[in-house]
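Results of the structural survey
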Amino acid sequence: GLHQRKFSKLGVDNLRVIRIIRDVMSKAYKIDSDNRTVTEIFILGTGSERLQQLQQEVGGHIEVATYLENNDAVYVNEEGMYCLPEDKGWFWFEGNYQPNIGDGLVVGTDSEGGDADPKSTLEEIKAKIKWMTRAEVKQMIAARDHYRTP
């Protein structure tokens, strides 16, 4: 009787806490181009706190590099081409027109365009990334330029 009520109350309180945490925390996948790894991380906060953490993860102002078929978004450093060191790692995301320098972040989007947990799995994201060096990126651009028609 008494213990059962305590546990029931504890369960309700825990659910309330979980809902509150869920509103300010979402999963993301960090693309680390120097170490060539993709790991699950959590983004905390709302509004400007959240934006600051997203920017910190990519090392600058964020922009969407591409959207996946399931509406997951790949964020990168908007000014990475201009401000990151030349020896920084690169990654090319399957379906994206160009490779990206620096780190990236995969987040999900909700029906209103806000951030949510990604629908993609960590394994699916890893399979869509090709790691590249600066030399490989230069080769890719040169090959593209060669096949362009004036």
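Criteria and thresholds
- Residues numbered from 1 in each chain as written.
- Predicted model: local features only at pLDDT ≥ 70, side-chain atom pairs only at ≥ 80, totals over all residues.
- Heavy atoms only, no water.
- Helix = DSSP H or I, 4+ residues; strand = E, 2+ residues; numbered from the N terminus.
- Contact = heavy atoms within 4.5 Å.
- Pairing = 2+ DSSP bridges.
- Buried < 20%, exposed > 50% of the residue type's maximum accessible area, 1.4 Å probe, protein only.
- Polar contact = N/O pair within 3.5 Å; in protein donor to acceptor, adjacent residues only side chain to side chain.
- Core = buried A, V, L, I, M, F, W, Y, C linked by side-chain atoms within 4.5 Å.

1. Brief notes about the environment of Glu78
Looking at where Glu78 falls in the secondary structure, it is placed in the loop between strand 4 (73–77) and helix 3 (80–83). Residues within four places of Glu78 in sequence aside, it is in contact with His61, Ile62 and Glu63.

2. A closer look at the sheet that holds strand 6 (residues 100–101)
One open sheet holds the three strands; their spatial order is 6-5-9, and the pairing between them is antiparallel. Every other strand in the sheet has two partners, leaving strand 6 and strand 9 (129–132) as the edge strands with one partner each. As defined by bridge partners, strand 5 (residues 90–93) adjoins strand 9 across four bridges and the pair is classed as antiparallel. Its bridge partner lying in strand 9, Trp92 is registered against Lys130.

3. Some points on the side chain of Ser33
Note on placement: Ser33 falls in the loop between strand 1 (25–32) and strand 2 (37–44). Take Ser33: its relative accessible area is 2%, and that puts it in the buried class. From its side chain, Ser33 meets the backbone oxygen of Gly89 in a polar contact 3.1 Å long. From its side chain, Ser33 meets the backbone oxygen of Gly102 in a polar contact 2.8 Å long.

4. Brief notes about the side chain of Thr66
Mapped onto the elements, Thr66 comes out in strand 3 (residues 62–67). Contacts of Thr66, omitting those with residues within four sequence positions, involve Asp72, Ala73, Val74, Phe93 and Asn96.

5. A word on the nonpolar core
For soluble globular proteins, nonpolar side chains are generally found buried alongside one another. Core analysis: the largest hydrophobic core is formed by 12 residues, namely Tyr29, Ile31, Val38, Leu68, Val74, Val76, Phe91, Phe93, Val106, Leu122, Ile125 and Ile129. Breaking this core down by element, the ones donating at least two residues are strand 1, strand 4, strand 5 and helix 4 (122–127).

6. Observations regarding the environment of Glu136
Residue placement: Glu136 occurs in helix 5 (residues 134–147). With relative accessibility at 31%, the residue Glu136 sits in the partly exposed group. Placed 37 residues apart in sequence, Glu136 and Pro99 show a C-alpha to C-alpha distance of 10.0 Å. A polar contact of 2.8 Å, which involves the side chain of Glu136, links it to the backbone nitrogen of Thr133.

Scope: geometric values only; no functional claims are made or implied.
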